[in-house]
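Notes for the structure review
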Amino acid sequence: MPKSPSSSAQAARERVAAQLRDLRLDAGITAHDLSARCGWSPAKTSRFEHAVAVPTDADIRAWCTACGAEQQAPDLIAANRQADHLYVEWRRKHRSGLRRTQEELLPLHERTQVQRVYGSKVIPGFFQTTGYATALLGAITRFQGTPDDVAEAVRSRRKRERALYEGDHRFVVLLEEVVLRYRIGGADVMAGQLEHLLDVMRLPSVALGVIPFTADRPDMWPLEPFYVFDDECVIVEMLSAEIRITVPGEIQLYTRAFAEMGRMAVYGPSAQARLEAAVNALG
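Parameters at a glance
Residues numbered from 1 in each chain as written. Predicted model: local features only at pLDDT ≥ 70, side-chain atom pairs only at ≥ 80, totals over all residues. Heavy atoms only, no water. Core = buried A, V, L, I, M, F, W, Y, C linked by side-chain atoms within 4.5 Å. Buried < 20%, exposed > 50% of the residue type's maximum accessible area, 1.4 Å probe, protein only. Helix = DSSP H or I, 4+ residues; strand = E, 2+ residues; numbered from the N terminus. Contact = heavy atoms within 4.5 Å. Axes fitted to C-alpha atoms, helices over the stretch in contact; angles between N-to-C directions. Parallel < 35°, antiparallel > 145°, perpendicular 65-115°, else oblique. Left-handed = near helix turned anticlockwise from the far one by under 90°. Nonpolar A, V, L, I, M, F, W, Y, C, P; charged D, E, K, R; others polar. 1 Å grid on protein atoms, 1.4 Å probe; cavity = no way out; pocket = protein on both sides within 12 Å on 5 of 7 lines; lining within 4 Å. Points joined across faces, edges and corners; volume = space filled by probe spheres on them. Salt bridge = Lys/Arg side-chain N within 4 Å of Asp/Glu carboxyl O. Pairing = 2+ DSSP bridges.

**Points about the nonpolar core**
Ranked by internal contacts, the top residues of the largest apolar core, which has 34 residues, are Phe127, Leu194, Leu197 and Leu208. In terms of residue count, the dominant contributor to this core is helix H11 (residues 187–200) (five residues). Residues in contact with Phe127, not counting those within four places in the same chain, are Leu164, Val173, Gln193, His196, Leu197, Val200, Val206 and Leu208. Counting residues in hydrophobic clusters, the runner-up holds 25 residues, among them Ala9, Leu223, Ile243 and Met261.

**Remarks on the packing of helix H7 (residues 99–111) against helix H9 (residues 150–158)**
In the contact formed by H7 and H9, the axes pass within 8 Å of each other and the chain directions differ by 15 degrees. Judged by the inter-axis angle, H7 sits roughly parallel to H9. Read as a crossing pair, H7 and H9 show a hand that is left-handed. Contact residues: H7 offers Arg99, Gln102 and Glu103, while H9 offers Glu152, Ala153, Ser156 and Arg157. In terms of residue class, the contact of H7 with H9 is made up of one nonpolar, two polar and four charged.

**Quick word on empty space enclosed by the protein**
Using the criterion set out here, one finds three cavities of 30 Å³ or more in the structure. Within this model, the largest cavity holds a volume of roughly 50 Å³. For the lining of the largest cavity, the element with the most residues is helix H1 (residues 7–27), which contributes four residues. Looking at the lining of the largest cavity residue by residue, the class counts come to eight nonpolar, one polar and one charged. Roughly 40 Å³ of volume is contained in the second largest cavity. Taken together, Val117, Tyr118, Gly119, Ser120, Lys121, Val122, Ile123, Pro124, Pro225, Tyr227 and Glu237 make up the full set of residues lining the second largest cavity. With three residues, strand S2 (residues 114–119) is the single largest residue contributor to the lining of the second largest cavity.

**Describing unusual backbone geometry**
Positive phi outside glycine occurs at Ala51, with the angle close to 60 degrees. Here Ala51 shows up in the loop between helix H3 (42–49) and helix H4 (57–66). Relative accessible area serves as the criterion here: at 7%, Ala51 is assigned to the buried category. One non-glycine residue with positive phi stands out, namely Asp230, at about 45 degrees. When you line up the elements, Asp230 lands in the loop between strand S5 (226–229) and strand S6 (233–237). The exposure class assigned to Asp230 is partly exposed, which follows from its relative accessible area of 22%.

**Description of the pattern of salt bridges**
One pass over the full model with this rule turns up 15 salt bridges. The closest approach of N and O atoms between Glu110 and Arg162, which form a salt bridge, is 3.4 Å. Taken as a pair, Glu110 in helix H7 and Arg162 in helix H10 (residues 162–165) lie far apart in primary sequence, 52 residues in all. Residue Glu110 is classed as partly exposed on the basis of its relative accessible area of 43%. With relative accessibility at 37%, the residue Arg162 sits in the partly exposed group. Here Glu260 ties to Arg263 by a salt bridge, and the two come within 3.3 Å at their closest N and O atoms. For Arg263, a relative accessible area of 59% translates into the label exposed. One salt-bridge network, in which partners are shared between bridges, spans Lys93, Glu242 and Arg244.

**What to know about the sheet that holds S5**
Read from one edge to the other, the open sheet built from seven strands follows the order S1-S7-S6-S5-S2-S3-S4, with strand pairing classed as mixed. The sheet is open, and its two edges are formed by strand S1 (87–89) and strand S4 (206–211), each paired on a single side. Strand-to-strand twist of the sheet, defined as the mean angle between neighbouring strand axes without regard to direction, takes the value 10 degrees. Sheet topology places S2 next to S5; four bridges connect them, and they run antiparallel. Residue pairing across strands places Gln115 opposite Phe229, the latter belonging to S5.

Structure follows, in structure tokens:
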């Protein structure tokens, strides 16, 4: 498996690789000896120790047995799985449908006090109406060719909306103006979605900014959509995969980008006017 484009995922995999190498060294055996005990090539051992390849659960168990450290296998397997979750292809994440992904995200949303969101493609999930979410998740299902559980996934996604009205949560959202014009689900669905945005932007828990088409961009260009959950992690949504970032320096990079784009956005009546203009443009 090639190195992950996420430095957080790669750093986690390198920590697992270092632990495997330390186990071998502590056992006083060479890489060649370990390979022979495990029944694989020395090249495979080298790939694991240099974090070029990702070991399976069975590989880790075999490694620990070869080093006489079977008791360490469960912790190493857990660390390896966690690293693997920091960069996950959508086709793998959605192999049983979309509902499970929506449910897995809910605890993170519920424990986050301040969520900062940059939307350059679609309306964020916690702002989505049933019609908009159904159209969007339906398109994703068809494109990815995954099992169709859209109705259940939409119900799970709408649970995030509770945080807008309950508890001590704060949502700071920046939307590129083009997001207001993309017709997800058609004109009627989009009109309902925009009217809903006009309602939720008045909530005390919400600060909504719109980055105008005409905004000068001297220091920051349009980026992929991302979500910042307090200082815990950043989730970046790409076409092929979800990247979860946990390295503090990388989180700071995204919060800096968010602040730069926030200076280009308009708020309050100016943002409302752009939403209303998008509704009127639907005819």
